[in-house]
Amino acid sequence: MAAECKTKLSMLRMKFMQRGLDSETKKQLEEEEEKIISEEHWYLDLSELKEKESVTIEEQSFLLWEDLLYGRISFRGFNPKVEKLMLQMNAKSKVEEENKVKVVKCDVSDEEMARRYKTLVETIGKSLPRRETMPITKEDGNGDIKPFKTKKMFLKFQD
Amino acid sequence: MAEAVPFGAESLAGGRARAARRVLDQVVLPGEELLLPEQEDVEGPGGAGERPLRLNAGARSRLRVVCGPGLRRCGDRLLVTKCGRLRHKDPGSGSSGGVYWVDSQQKRYVPVKGDHVIGIVTAKSGDIFKVDVGGSEPASLSYLAFEGATKRNRPNVQVGDLIYGQFVVANKDMEPEMVCIDSCGRANGMGVIGHDGLLFKVTLGLIRKLLAPDCEIIQEVGKLYPLEIVFGMNGRIWVKAKTIQQTLILANILEACEHMTADQRKQIFARLAES
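What counts and what doesn't
- Residues numbered from 1 in each chain as written.
- Chains lettered and ligands numbered in written order.
- Predicted model: local features only at pLDDT ≥ 70, side-chain atom pairs only at ≥ 80, totals over all residues.
- Heavy atoms only, no water.
- UniProt positions renumbered as here; feature names shortened; annotations may be inferred.
- Pairing = 2+ DSSP bridges.
- Helix = DSSP H or I, 4+ residues; strand = E, 2+ residues; numbered from the N terminus.
- Buried < 20%, exposed > 50% of the residue type's maximum accessible area, 1.4 Å probe, protein only.
- Axes fitted to C-alpha atoms, helices over the stretch in contact; angles between N-to-C directions.
- Contact = heavy atoms within 4.5 Å.
- Buried area = accessible area lost by both parts, 1.4 Å probe.
- Salt bridge = Lys/Arg side-chain N within 4 Å of Asp/Glu carboxyl O.
- Polar contact = N/O pair within 3.5 Å; in protein donor to acceptor, adjacent residues only side chain to side chain.
- Nonpolar A, V, L, I, M, F, W, Y, C, P; charged D, E, K, R; others polar.

Labelled according to an unreviewed UniProt entry, chain B appears under the name Exosome complex component RRP40, originating from Sciurus carolinensis. Entered under Sequence similarities (unreviewed entry) in the UniProt record, the comment concerning chain B runs "Belongs to the RRP40 family."

The name given to chain A in an unreviewed UniProt entry is M-phase phosphoprotein 6, and the organism recorded there is Sciurus carolinensis.

Structure, rendered in structure tokens:
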């Protein structure tokens, strides 16, 4: 009776046996399970193959290496859609090549735009009715002057 | 090729592999083996002489080299499979060691993924069109592969129409498939090519020569009269001009310019410009 019967591993794994087990047997159980799993794994001996591996890629397309133009061409406005496409597609391939940031030419310069915008904002602001500005201080019940908490509203960036 | 090309006879007789770097822009023949730059050091100067000592022989610096059309990987070397001139392009950035390819000439087209080609619709069966592109098999083109096509709104394509599209699947094991839209769903000029005009066939090398960015032929042709040309990488060119005579002149020029020198070409253009 005192002798502990040796139970099978599969029995010990079952849920109803887990409560009776103490921590040591639990650890042993886990270790044995891991050993079984790792022995079952198959490993490839890849060191030979890695030596023979070469890093050349084969590619059968000419298109990638020779920068060819777009295949549809039109001259002297014979087909306006194709001429527009020509500019688009040839420019696209050039931009990908050069990878430069191009400055977009515009009619109005940046300084002019900033000036105009500033004056415009002021004039429109004046024409709209202004709300009464809140008082900065307020009188308390006792007659003490307290600073009035400004209500939280959206603050516009001052240019 | 009109100019005489230097050809190392001793390398042919010896049968040794030549370094790819030294053979650039020279004629190579099928069966030759080329050494990549990193392997030249291994072969050593003289071959039978002393070998350079290496601290760790196992770790060789591996450059990623791409071998383009006409070349094939054979062990550690490149094997030439087509005759032509060897070209090289350095990579702009990145770790790859550049591209080598053979600039060859042929008339028969083999479908390649990503190529824009002109095809002729030969059959309409159910949901797909069968398009003849000049390869071993007709390519299949689904009716949904046009811009703005839905199940209810079918594209207006008849048997005998000319289609300008690109390949999405093209390998030696499967039937090639082409589409007339790009990956974003836009047509980008692909689709049915308009009526009239003339379709004719040229060699594949001429198409690549005409589509090179610095080609003078196209610019000179454009100064003659208003015209439209579509180039297919399968050797087919479609041209259209205002009158039939102009179209025929244009077709003759494009066919003949392969074998003309620059001077002869200029003479012909001058004569045309006068008339």
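Next up on the list: the sheet that holds strand β3 (residues 33-35) of chain B. Residue and element names in this part refer to chain B. Within the open sheet, the four strands sit side by side as β1-β3-β6-β5. Their pairing is mixed. Single-partner strands in this sheet number two, and they are β1 (18-19) and β5 (71-74). Relative to β3, β1 is paired through two bridges, and the arrangement is parallel. Paired with Ala-19 across the bridge in β3 is Leu-35.

The next subject is unusual backbone geometry. Residue and element names in this part refer to chain B. Positive phi is not limited to glycine here, since Asn-188 has a value of about 55 degrees. Tracing the backbone through its elements, the reader meets Asn-188 in the loop between β13 (177-179) and β14 (191-192). Asn-188 gets classed as buried once you look at its relative accessible area, which sits at 14%. A positive phi is found at Asp-196, a non-glycine position, where the angle reads about 60 degrees. Among the secondary structure elements, Asp-196 is positioned in the loop between β14 and β15 (198-201).

This part covers the sheet that holds β15 of chain B. Hydrogen bonds between backbone atoms are what pair the strands of a sheet, whose relative direction is either parallel or antiparallel. One open sheet holds the four strands; their spatial order is β2(A)-β16(B)-β17(B)-β15(B), and the pairing between them is antiparallel. The open sheet is flanked by β2 (72-75) of chain A together with β15 of chain B, the only strands paired with a single partner. Averaged over all pairs of adjacent strands, the angle between strand axes in this sheet comes to 15 degrees, irrespective of strand direction. Note: β15 of chain B against strand β17 (residues 236-241) of chain B, four bridges, orientation antiparallel. In the strand pairing of β17 of chain B, Lys-201 of chain B is matched with Arg-236 of chain B.

On to the interface of chain A and chain B. Between chain A and chain B, the contact holds 32 residues from the first and 48 residues from the second. Carbon and sulfur atoms make up 59% of the surface buried where chain A meets chain B, a total of about 3700 Å² over both sides. Here chain A is connected to chain B by two salt bridges. Arg-72 of chain A is paired through a salt bridge with Glu-228 of chain B; the nearest N and O atoms lie 3.2 Å apart. Linking chain A to chain B there are 11 residue pairs in polar contact (both at pLDDT 80 or more). Those elements that provide at least two residues to the side of chain A that touches chain B are α4 (47-52), β1 (56-58), β2 and α5 (80-98) of chain A. For the side of chain A that touches chain B, the residue count by class is 15 nonpolar, seven polar and 10 charged. With three bridges joining them, β1 of chain A and strand β4 (residues 64-67) of chain B adopt parallel strand pairing.

Quick look at the pattern of salt bridges now. Residues and elements named next belong to chain B. Scanning the entire structure with this criterion turns up 13 salt bridges over all chains. A salt bridge links Glu-32 to Arg-18, with the nearest nitrogen and oxygen atoms 2.8 Å apart. Taken together, the residues span a long stretch of sequence, with Glu-32 in the loop between β2 (27-28) and β3 and Arg-18 in strand β1 at a distance of 14 residues. We classify Glu-32 as buried; its relative accessible area is 11%. Ionic contacts of the salt-bridge type, sharing partners, join the residues Asp-25, Arg-87, Asp-103 and Arg-208 into one network.

A few words on the side chain of Arg-236 of chain B. Residues and elements named next belong to chain B. Take Arg-236: it is sitting in strand β17. Residue Arg-236 is classed as buried on the basis of its relative accessible area of 9%. Polar side-chain contacts of Arg-236 include one of 3.3 Å to the backbone oxygen of Ile-118. Within polar-contact distance, the side chain of Arg-236 engages the backbone oxygen of Asp-132 at 3.0 Å. Every residue in contact with Arg-236, bar those within four places of it in the chain, is listed here: Ile-118, Gly-119, Ile-120, Asp-132, Val-133, Gly-134, Leu-199, Phe-200, Ile-207, Val-230 and Phe-231.

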